[in-house]
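# Geometric and topological summary
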Amino acid sequence: MNRQLRELCSHNEMKSFVVETKTHTTLLVPSPLQDKYNALIANDGKTELQMLSYQAPKIRLLRSMNIQSELMQVFDFAVFPNPEFDLPIFCANFFTTANKNIIVLDLNPLHDVISQRYYKDKYYKNLMPLGLKYAKLLPWGGKLTSESIKFFSPIVIWAKFTSSQDKNDALYSAFMEYYKAWLALMDQSIEEKDVSQIKRNCEAQHRYLTWRAEKTFTTSSIIYPTHLVNAIFNKQDPGHGVLKKLFGETLAKDLLRNFLFSGIDELGSKKFLDYFPEYCCEDGAINEKRSIVGKSFESRPWNSSGEFVGNNSEAN
Ligand code: BLA
């Protein structure tokens with residue numbers, strides 16, 4: 001990973017995004033979570049975890065997490081709007097090692113953009129040129145957990161690549177442009193007054209939080225790439241979560257529910273299996289398989305106009 005990408009994922013750089021956010025909303029203040037969640041050293045005594053969290057009138061929670069170890073780095077940055085706004089959720093999730101990057105960058109839609117044209121047109125029609133530009137520079141990363149596609153927008157950047165100056169530069173500017181695009185949407189957004197619409201926004205955000213909290217826990221239960229897990233933990237023990245390994249199960253779950261995906265206990269009462277019953281095992285437990293339907297979408301499933309074309313899409 002070159003310097004620029006390392007910087008993008010760094011705590012200091014994160015602070016500059018906060019400054020950028022402040023130019024749009026002067027009322028950005030630290031979240032009450034900041035006191036409890038700021039910095040931690042993992043059980044290995046070496047890996048560092050840093051967290052930042054803010055809120056503003058239109059922003060329920062803006063938070064970032066950086067995990068930094070010798071061999072890997074995780075950067076997870078999300079902005080969750082207040083439920084009075086049906087704004088997309090800003091999502092940057094980068095897992096990087098010396099030569100491998102696994103990237104999701106998106107303005108995750110709050111509502112279904114496959115079946116709801118109104119929502120898609122409202123937020124993504126004008127952003128298609130931006131999406132197309134970066135889809136070329138950072139090509140589709142291949143098959144992924146099928147269920148994830150419903151949480152992605154037509155401009156999602158889903159990429160897996162080996163670091164190179166060009167790719168790292170592209171990712172850096174993609175992040176900046178996507179974030180500025182999100183801030184511009186926030187500037188224009190108007191508060192919803194209709195109680196039933198606010199409730200609908202709440203439920204949609206809760207479903208999203210529930211999905212991500214569970215998936216972050218199990219995705220970080222890496223089975224692949226085994227050599228990497230072994231390198232990180234210096235032993236043959238695949239199938240256990242990175243977060244769980246680093247911080248222990250209790251703290252890992254606390255970080256997920258109360259920091260990364262905070263709101264999960266307030267915005268709704270449904271559980272993961274209520275939203276995703278296909279993950280229910282015979283004994284009622286949650287199936288820890290990352291995907292029940294299986295992995296799909298070998299190539300980008302949206303065409304250049306942002307229409308969902310599923311698996312029949314031409315490779316981009
Ligand atoms: C892989 N992370 C992935 C993948 C996706 C995401 C799509 C590819 C594997 C898959 O298809 O599931 C990310 N998935 C998302 C995001 C959304 C989604 C952002 O549905 C939003 C809706 N990742 C972390 C943390 C760690 C981590 C904290 O966020 C580790 C501490 C690791 N993610 C990680 C690793 C992989 C990965 C190691 C590759 C291994 C794999 O393929 O599962």
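As a reminder, the structure under discussion sits directly above these lines.
Please read these numbers as outputs of a predicted model, since none were measured by experiment.

Formed by 93 residues in total, the largest nonpolar core has its most connected members in Phe77, Phe90, Leu105, Phe175, Tyr179 and Trp182. The leading source of residues in this core is helix H5 (residues 165-188), at 11 residues.

Looking now at the packing of helix H4 (residues 128-137) against H5. H5 packs onto H4 with a crossing angle of 160° between their chain directions and a minimal axis gap of 10 Å. What the angle tells us is that H4 and H5 run roughly antiparallel. For the crossing formed where H4 meets H5, the hand is left-handed. Facing Leu130, Gly131, Lys133, Tyr134 and Leu137 of H4, the residues of H5 in contact are Lys167, Ala170, Ser173, Ala174, Glu177, Tyr178 and Ala181. Within the contact of H4 with H5, the residues separate by chemical class into seven nonpolar, two polar and three charged.

Bringing the packing of aromatic side chains into the picture now. To describe a pair of aromatic rings, you give the distance between the ring centres and the angle between the ring planes. One pass over the structure, following the stated rule, counts 26 aromatic pairs. Centre to centre, the rings of Tyr275 and Phe276 are 6.1 Å apart; their planes meet at 55°, and the pair counts as tilted. Grouping residues by exposure puts Tyr275 and Phe276 together as buried. If you follow Arg63 out to its NZ or CZ, it ends over the ring of Phe261, 5.1 Å from the centre.

Moving on to the environment of Ile157. Note that Ile157 resides in strand S9 (residues 157-161). Exposure remark for Ile157: the relative accessible area of 0% places this residue in the buried category. Sequence separation between Ile157 and Val104 is 53 residues; the distance between their C-alpha atoms is 5.6 Å. Among all residues touching Ile157, those that are not within four sequence positions of it are Ile103, Val104, Leu105, Gly131, Tyr134, Ala135, Leu138 and Tyr178.

Cut-offs applied
Residues numbered from 1 in each chain as written. Predicted model: local features only at pLDDT ≥ 70, side-chain atom pairs only at ≥ 80, totals over all residues. Heavy atoms only, no water. Core = buried A, V, L, I, M, F, W, Y, C linked by side-chain atoms within 4.5 Å. Buried < 20%, exposed > 50% of the residue type's maximum accessible area, 1.4 Å probe, protein only. Helix = DSSP H or I, 4+ residues; strand = E, 2+ residues; numbered from the N terminus. Axes fitted to C-alpha atoms, helices over the stretch in contact; angles between N-to-C directions. Parallel < 35°, antiparallel > 145°, perpendicular 65-115°, else oblique. Left-handed = near helix turned anticlockwise from the far one by under 90°. Contact = heavy atoms within 4.5 Å. Nonpolar A, V, L, I, M, F, W, Y, C, P; charged D, E, K, R; others polar. Phe/Tyr/Trp six-rings, centres within 6.5 Å; stacked < 30°, edge-to-face > 60°. Lys NZ or Arg CZ within 6 Å of the ring centre and 35° of its normal.

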